[in-house]
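If you want the building blocks of each chain, they are given just below.
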Amino acid sequence: MEKMPVKIQPVIKPMPLVIVSCCNKDGKNNALVVGYCCNCSYNPPMVMAGIVPSRYSYPMIKETGEFVVNLVGEKNKEAYDYLGKHSGRDGDKLAELGLKVQKGSKISAPIILDFPINIECKVIGSLMTGSHEMFAGRIEYIHASPEYTDKDGNIDYSKIKIY
Ligand SMILES: Cc1cc2nc3c(=O)[nH]c(=O)nc-3n(C[C@H](O)[C@H](O)[C@H](O)COP(=O)(O)O)c2cc1C
């Protein structure tokens, strides 16, 4: 089979639809869209989130060592678009969107109740890869809206619609 070269770029697509939420030591909450997010350990269960150091959220995750990965549902399009285009530096994005937040069960970072799945993570290490610092987070607790679970109490991914 014949091949041709393609411009070198980050090639793995689609990006997941994910909002990372966090807080600083004074309890100020923030959230941003993170496309660079993936599973990175089966045992213990871990996920990784890539944050650009210029983001307002970056020093929050650095200083607390905590973040929440919120999976996005079909009703969250407006919030997703907003959180990826505006910085917490310019105002309280969560309040502007009227999102409901709650302190995590195992960590202080906020879960965003409007998103169907909230994954609480503690940073166990990080790697500055280039543009992003990849924070590896051990999963401490997972919250799910009941309508996004199946009869066995697992996440029903067929209900997490992609737009
Ligand atoms: C589709 C999409 C994917 C993004 N992926 C990332 C990412 O992986 N890491 C990151 O730091 N910023 C990413 N961003 C940009 C941030 O979400 C955006 O700059 C946000 O306004 C930063 O918010 P903050 O300054 O309040 O932290 C992405 C934005 C979009 C729209």
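Computed from a predicted structure; not experimentally measured. (Residues numbered from 1 in each chain as written. Predicted model: local features only at pLDDT ≥ 70, side-chain atom pairs only at ≥ 80, totals over all residues. Heavy atoms only, no water.)

Student: Quick one: what's the story with the overall build of the protein, residue by residue and with numbers?
Tutor: Scanning the protein for helices and strands turns up three helices and nine strands. What you see in the protein, going N to C, is helices and strands ordered as β-β-β-β-α-β-α-α-β-β-β-β. The C-alpha radius of gyration of the protein comes to 16 Å, within 12% of the 15 Å expected for a compact globule of 163 residues. Viewed in the frame of its principal axes, the protein has a C-alpha envelope of about 55 × 40 × 35 Å. Looking at the protein as a whole, 41% of its 163 residues are labelled buried. The centroid of the 20 positive side-chain charges in the protein is displaced by 3 Å from the centroid of its 18 negative side-chain charges. (Helix = DSSP H or I, 4+ residues; strand = E, 2+ residues; numbered from the N terminus. Rg over C-alpha atoms; globule rule 2.2 N^0.38 Å. Buried < 20%, exposed > 50% of the residue type's maximum accessible area, 1.4 Å probe, protein only. Lys, Arg positive; Asp, Glu negative; His and termini not counted. Charge placed at Lys NZ, Arg CZ, Asp CG, Glu CD.)

Student: Now, about the pairing of strand β9 (residues 133-144): what can you tell me, with residues and values included?
Tutor: Pairing between strand β4 (residues 46-51) and β9: six bridges, direction antiparallel. Opposite Gly50, over in β9, you have Met134 as the bridge partner. Of the pairings in the sheet, the one linking strand β8 (residues 117-128) to β9 comprises eleven bridges and is antiparallel in character. Within the sheet, the bridge partner assigned to Lys122 lies in β9 and is Arg138. (Pairing = 2+ DSSP bridges.)

Student: Can you tell me about the side chain of Asn30, naming the residues and giving the values?
Tutor: Its location among the elements puts Asn30 in strand β2 (residues 29-33). Here Asn30 falls in the buried class, since its relative accessible area comes to 2%. Setting aside residues up to four positions removed in sequence, Asn30 forms contacts with Val20, Ser21, Cys22, Tyr56, Ser57, Met60, Gly88, Lys93 and Leu94. (Contact = heavy atoms within 4.5 Å.)

Student: Break down the pattern of salt bridges for me, with residues and values.
Tutor: Pairing between side chains of opposite charge can happen when their charged atoms approach one another. Taken as a whole and assessed by the stated rule, the structure comprises five salt bridges. A salt bridge links Lys62 to Glu133, with the shortest nitrogen-to-oxygen separation between them at 2.8 Å. Of the two residues, Lys62 sits in helix α1 (residues 57-64) while Glu133 sits in strand β9, which places them 71 residues apart along the sequence. Assessed through its relative accessible area of 46%, Lys62 is described here as partly exposed. With relative accessibility at 4%, the residue Glu133 sits in the buried group. (Salt bridge = Lys/Arg side-chain N within 4 Å of Asp/Glu carboxyl O.)

Student: Quick rundown of the site of the ligand? Include the residues and the values.
Tutor: Near the ligand there are 22 residues, and of these Val33, Ser57, His86, Ser87 and Gly88 occur at the shortest range. Between a nitrogen atom of the ligand and a main-chain N or O atom of Gly50, the distance comes to 2.8 Å. Between the ligand and His132 there is a distance of 3.5 Å, counted from a nitrogen atom to a side-chain nitrogen or oxygen. Computed on the free molecule, the ligand has an accessible area of 650 Å², of which 82% lies beneath the protein chains in the complex. In this structure, the ligand is accommodated by the second largest pocket. Listed by contribution, the elements that provide at least two residues to the shell around the ligand are β2, β4 and α2 (77-83). Of all the elements, β2 adds the most residues to the shell around the ligand, at three residues. Partitioning the shell around the ligand into residue classes produces ten nonpolar, nine polar and three charged. (Near = heavy atom within 4 Å. Polar contact = N/O pair within 3.5 Å; in protein donor to acceptor, adjacent residues only side chain to side chain. Areas by Shrake-Rupley, 256 points an atom, 1.4 Å probe, with all protein chains shown as cover. 1 Å grid on protein atoms, 1.4 Å probe; cavity = no way out; pocket = protein on both sides within 12 Å on 5 of 7 lines; lining within 4 Å. Sits in = over half its atoms within 2 Å of the grid points. Nonpolar A, V, L, I, M, F, W, Y, C, P; charged D, E, K, R; others polar.)

Student: An account of the packing of aromatic side chains is requested, with residue identities and associated values reported.
Tutor: Scanning the model with the defined rule gives one aromatic pair in all. Where Tyr58 meets Phe135, the ring centres are 6.0 Å apart and the plane angle is 55°; that geometry is what we call tilted. With Tyr58 in helix α1 and Phe135 in strand β9, the pair connects residues that are 77 residues apart, well separated along the chain. The burial state of Tyr58 is the same as that of Phe135; both residues are buried. (Phe/Tyr/Trp six-rings, centres within 6.5 Å; stacked < 30°, edge-to-face > 60°.)

Student: Report on the environment of Met15, specifying residues and quantitative values.
Tutor: Mapped onto the secondary structure, Met15 falls in the segment before β1 (18-23). A C-alpha to C-alpha distance of 27 Å links Met15 and Lys103, two positions 88 residues apart in sequence. The residues contacting Met15, other than those within four sequence positions of it, are Gly35 and Tyr36.

What is shown is where atoms sit, not what they do.
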